[in-house]
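Each chain, letter by letter, is given below.
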Amino acid sequence: MSLPSGTITFLFTDIEGSTRLWEEQPDTMRIALARHDALLRAAIETNSGTVFKTIGDAFCAAFHTAPQALEAALSAQQSLHQVKAGVGSGLMLKVRMALHTGSADIRDGDYFGQPLNRVARLLAVGHGGQVLLSEATQAVTGNSLPVGTSLRDLGIHRLKDLQQPEQVWQLTSPDLPFEFQPLRSLSLYDNNLPVQLTSFVGREKELAEIKSLLSKTRLLTLTGSGGTGKTRLSLQAAAEVSEDYLEGVWLVELAPLADPALVPFTVAAALGVRESMGEPITKTLVAALKDKRLLVLLDNCEHVLDACARLADTLLRSCPHVKILASSREGLGIAGESAYRVPSLSLPDPRQPQTPQSLSHYEAVLLFVERAAAVKTDFTVTTLNASALASVCSRLDGIPLAIELAAARIRSMTIEELGKRLDDRFRILTGGSRTALPRQQTLRALIDWSYNLLEEKQKTLLARLCVFAGGWTLEAAEAVGAGEDIEAWEMLDLLTALSDKSLVIAEVQGKATRYRLLETVRQYARDRLAESEASGSIREGHRDYFLTLAEDIQPKLRGPEQAQWLDVLEVEHDNLRVALTFCLEEGESERAEESEERGLRLGAALQVFWSVRGHLSEGREQLAALLSRPGAQSRTKARADALNGAGVLAAAQGDYAPARSVYEESVGICRELGDKRGIAFSLSNLGDVAQDQGDYASARTLYEASLGIFRELGDKWGIAGSLSNLGNIAFHQGDFASARTLYEESLGIRRELGDKKGIAGSLNNLGNVAQSQGDFASARPLYEESLGIDQALGDKRGIACSLGNLGNVAYSQGDYASARTLYEECLKIFRELGDKQGIAESLEAFASLAFKEETAECASRLWGSASALREEIGSPMSPNEREKQERELVAMRETLGEEAFAAAYEDGRAIILEQAIAYALGETT
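For every chain, the first residue of the written sequence is number 1, and numbering continues from 1 onward in sequence order. Thresholds applied to this predicted model are a pLDDT of at least 70 for local features of residues and 80 or more for the giving and counting of side-chain atom pairs; totals over whole chains, interfaces and linings are not thresholded and use all residues. To get the side-chain values, take all heavy atoms of the structure and skip hydrogens and water.

A. Structural view of the confidence of the model for the chain. Confidence of the predictor at the level of single residues is captured by pLDDT, which takes values from 0 to 100. In this model, the chain carries a mean pLDDT of 88, and residues with pLDDT of at least 70 account for 96%. Helix numbers and strand numbers start at the N terminus; a helix is a DSSP run of H or I with at least 4 residues, a strand a run of E with at least 2. Confidence, read as mean pLDDT per element, is least for helix α16 (residues 425-428) in the chain (66) and greatest for strand β7 (residues 131-133) (96). For residues 85-89, every residue scores under 50 in pLDDT, and the model assigns this stretch 6 contacts once sequence neighbours within four places are set aside. Across residues 432-437, where pLDDT falls below 50, the model places 7 contacts with residues more than four positions away in sequence or in other chains. Contacts between residues were defined by any pair of non-hydrogen atoms, one from each residue, lying within 4.5 Å.

The following block contains the structure:
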């Protein structure tokens, strides 16, 4: 569908009273609607229009010119007036129509922009059978009206978008109705709603929910942190429901008040109620409003909350037809109140690739773009700035005021420059409208307003909560936030108070409540904590809490609840990173050695988590930084464990030389300390390096020594691991019977322990034995069971291995299409992990597949790339693998000829690793 572009005239239609007609005459309505749809579509398409959207019985159409749109509207109305659906039923559909002209963006087969909102608001004020035109459409129509028609000036009206009043025109024709009820614009209803100079963006879901709640309750309070747009949302909601209140909707602005006693006087003034001599103002208000049907907007109640609550309670009890829509940082806390927390604007995920099209679905982005275009008319979203824009909106938490302040800076800097300065957002996000409330002119002033209304203990706790990243639990807050001035038992009430005041967000996740701060509030609280003497002790408390948590979880990662505890560490990953950073930052303090030793313990405790969940590079960087600190050089158990962890992560990426080095230092320390378990782990890990580098004799010796110690200690987990490792040696040397026996013994122990990660590994190993013996029927279910366990654990490396093995089964059975799909998924994960060993094996799998698919040159190139990578990491093929490769290489030489084979093979050896991966995946030619 090719949509009109440039300056477009939009025609929107809907059926008046359609809901009632469906309820009263469903069968007749069904026939009538089918005829209505056919008539409208014919009228639109005959006049070169395009229907780009239908919503229920509403049509949205676009035209290149206004005369075309007018002809379509006239034709449709004439056809509808000539036909009565359902013989003898007397049913005629009354369709209202509106036209507006302007420019709009086209994305994903739809239009976006203010002209769409304007024509929708214009349609909303019309009546069935009426065709309304905006001033913009009337201006471009000129003398091109349909024959016999004219335009009737209906005067200036305020539409329910609260923007500047609109001159509205009606299309008239001798064969169409001429007289209608007055337009349902704001001009028809009493109100004091202010004109808005900027457009209202998004919030369709919130508006619908608020209007629904207003129909069911007499006091609705919109709550939320400062800057979330509570006021603007309440104004828009009031405008849209204005026709429900015979005596109008009335805004009472409370922000300027300093004295709570003035609240009832301010309400009376807004409603035009005069004081009576000698009578309390509240009594006068009740008398004036007792029989009135109206909506009162109490805006910005938080600093006069008690006074607002008392007045609202009195009015609701005494005036049965009065409703109140309040906006406040926290609810009024009286009987009958419904609270609605206003969320931030919808946000893109900055971690995902973004395009102008993908960003168009997020309210925060739409607001930023519209406000930025107002100060820099040529600002647009492009493929180059889309990611930066997503990041800025996300880092500003989708807070409308923050986004508007940031967008104003686009007049003097790029979106990328703005993003780099957001760490100092309180300096850069200034310069709001001079006519706005003082607290809305800068981001710091906005949060100062909320902070200054807190009690002292609430202020203290808010500052302390800044040490958390990514949220926290009640238990964590009690451990970290309590101190001399705050008792642990007070924490729940204080958190509840801060949540009620919209400074802390409380969210139920599963069966538990988790708390978090918006990043903007967190940065503000961080500045407050830095001003206090408790900053260091609070950060130490945070570090120690998460060290204890990680060490408590560490042994549980070997049992039946592995997935649950891995998920806990994933949720707390940001807090764990903060704790590690603090350990590194303490290098110049008096307690540096103690902090760095705790950092080593924390890093060691996280090694399994980093390994299973694919954070290999991050874990290596953290451990390398910790191990290099001056205070971490003592030959302690903490250092030995951290060295072991660093080696595991290095080996998982195929970096065997550094892995061997740290393992050897670790085993040396463990021997000095007499730590038998540590010795056993280090020996086993050294065996892994020897095995991966093809030194099976040394690997067997190391594994047997490790197994002996584990048996002495009665460590079943270690025994199972050593048996599995010895099975690997037998497997690589072609002794499949011994390998199977060792794997099955290991699997039995792991099932007894409930070690799911170990079980998955054993199943994969048994699958390898079955596949090597040509028993594919047995291999496939073993791999599939292993894959299911790894997916439940979130074990990325395990998932990749199982996918690769399933690919091998498909390859062996001649299902090359399935093999390719599985190999692609496998290689992408290994690339993400930086696992060079896994990448080499994947390239070899693709090479074999390419040869089977008769692309020998491609196969030779991939074999060359895999060979170069194996040489780089020092990991030769096992005898089994080497025998298979030699057969395929001989066949390729015969197919290509020696010279062509050598050229392609050397070409593969010469390209960089990422190019080889892209070549295998078909991402390049």
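B. Summary view of unusual backbone geometry. Its identity is not glycine, yet arginine 203 carries a phi of approximately 70 degrees, on the positive side. Look at arginine 203 and you get buried, because its relative accessible area is 3%. Exposure classes here rest on a 1.4 Å probe applied to the protein chains alone. A residue is buried below 20% of its type maximum, exposed above 50%, and partly exposed in between.

C. Main features of the side chain of serine 18. Relative to the helices and strands, serine 18 resides in helix α1 (residues 18-24). In terms of polar contacts, serine 18 uses its side chain to reach the side chain of aspartate 57, at 2.8 Å. Apart from residues lying up to four places away in sequence, serine 18 is in contact with Met29 and Asp57. Polar contacts, as used here, are pairs of N or O atoms within 3.5 Å; protein pairs need one atom able to donate a hydrogen and one able to accept it. Residues neighboring in sequence count only if both atoms are side-chain atoms.

D. Local environment of the packing of aromatic side chains. Between rings of Phe, Tyr and Trp, where Trp is taken as its six-membered ring, a pair exists when centres lie within 6.5 Å; planes separated by under 30 degrees are stacked, by over 60 edge-to-face, and by other angles tilted. For the structure on display, the rule yields 16 aromatic pairs. Seen from their ring centres, phenylalanine 10 and tyrosine 111 are 5.0 Å apart, and the 85 degrees between their planes marks the pair as edge-to-face. Separated by 101 residues along the polypeptide, phenylalanine 10 in strand β1 (residues 7-15) and tyrosine 111 in strand β6 (residues 110-112) bring together distant segments of the chain. For the pair phenylalanine 10 and tyrosine 111, one class covers both residues: buried. Seen in terms of ring centroids, phenylalanine 12 and phenylalanine 52 are 6.4 Å apart; in terms of plane orientation they differ by 55 degrees. Their pairing is tilted. Highlighted residues: phenylalanine 12 in strand β1 and phenylalanine 52 in strand β2 (residues 50-55), separated in sequence by 40 residues. For a Lys NZ or an Arg CZ to count as sitting over a ring, it must be within 6 Å of the ring centre and within 35 degrees of the ring normal. Over the ring of tryptophan 717 we find arginine 558, and its NZ or CZ is 4.1 Å from the ring centre.

E. Local environment of the packing of helix α9 (residues 281-289) against helix α10 (residues 305-318). To define axes, lines are fitted to C-alpha atoms, for helices over the stretch in contact only, and angles between the resulting N-to-C directions are given on a 0 to 180 degree scale. Between α9 and α10, the shortest axis-to-axis distance is 10 Å and the interhelical angle comes to 35 degrees. Handedness of the crossing formed by α9 with α10: right-handed. Counted together, Thr282, Leu285, Val286 and Leu289 of α9 and Leu311, Thr314, Leu315 and Ser318 of α10 form the full contact between these two elements. Residues belonging to the contact of α9 with α10 are distributed by class as follows: 5 nonpolar, 3 polar and no charged. Handedness of a crossing is defined here by the sense of rotation of the near helix relative to the far one, left-handed for an anticlockwise turn of less than a right angle and right-handed for a clockwise turn. Here the term charged refers only to Asp, Glu, Lys and Arg, the term nonpolar to Ala, Val, Leu, Ile, Met, Phe, Trp, Tyr, Cys and Pro, and the term polar to all other amino acids, Gly among them.

F. Representation of the nonpolar core. Within the largest apolar cluster, 176 residues are counted, with the highest numbers of intra-cluster contacts made by Phe368, Leu418, Leu462, Leu465, Trp472 and Leu606. Beyond its immediate stretch of four places on either side in the chain, leucine 606 contacts Ala550, Leu569, Leu576 and Leu580. Judged by nonpolar contacts, the second largest core, of 33 residues, contains Leu219, Trp250, Val252 and Cys308. The criterion is simple. A nonpolar core is a set of buried Ala, Val, Leu, Ile, Met, Phe, Trp, Tyr and Cys residues joined through side-chain atoms within 4.5 Å.

G. Fine view of helix α7 (residues 230-240). Along α7, 10 of the 11 residues are buried, which leaves the element largely enclosed by surrounding structure. Residues of α7 that are buried: Lys230, Arg232, Leu233, Ser234, Leu235, Gln236, Ala237, Ala238, Ala239 and Glu240.

H. Inspection of the sheet that holds strand β10 (residues 219-223) at higher detail. When DSSP finds two or more bridges between a pair of strands, those strands are recorded as paired. The parallel open sheet is built from 5 strands, whose spatial order is β11-β12-β13-β10-β14. Looking at which strands have only one partner, the edges of the open sheet turn out to be β11 (249-253) and β14 (337-341). Looking at each pair of strands side by side, their axes are set apart by 20 degrees on average, direction ignored. With 6 bridges connecting them, strand β12 (residues 294-299) and strand β13 (residues 322-328) associate as parallel partners. Within β13, the position partnered with leucine 298 by the bridge is alanine 326. Its contacts with the sheet place α7 against β10, β11, β12 and β13, and it is angled at close to 170 degrees to β12.

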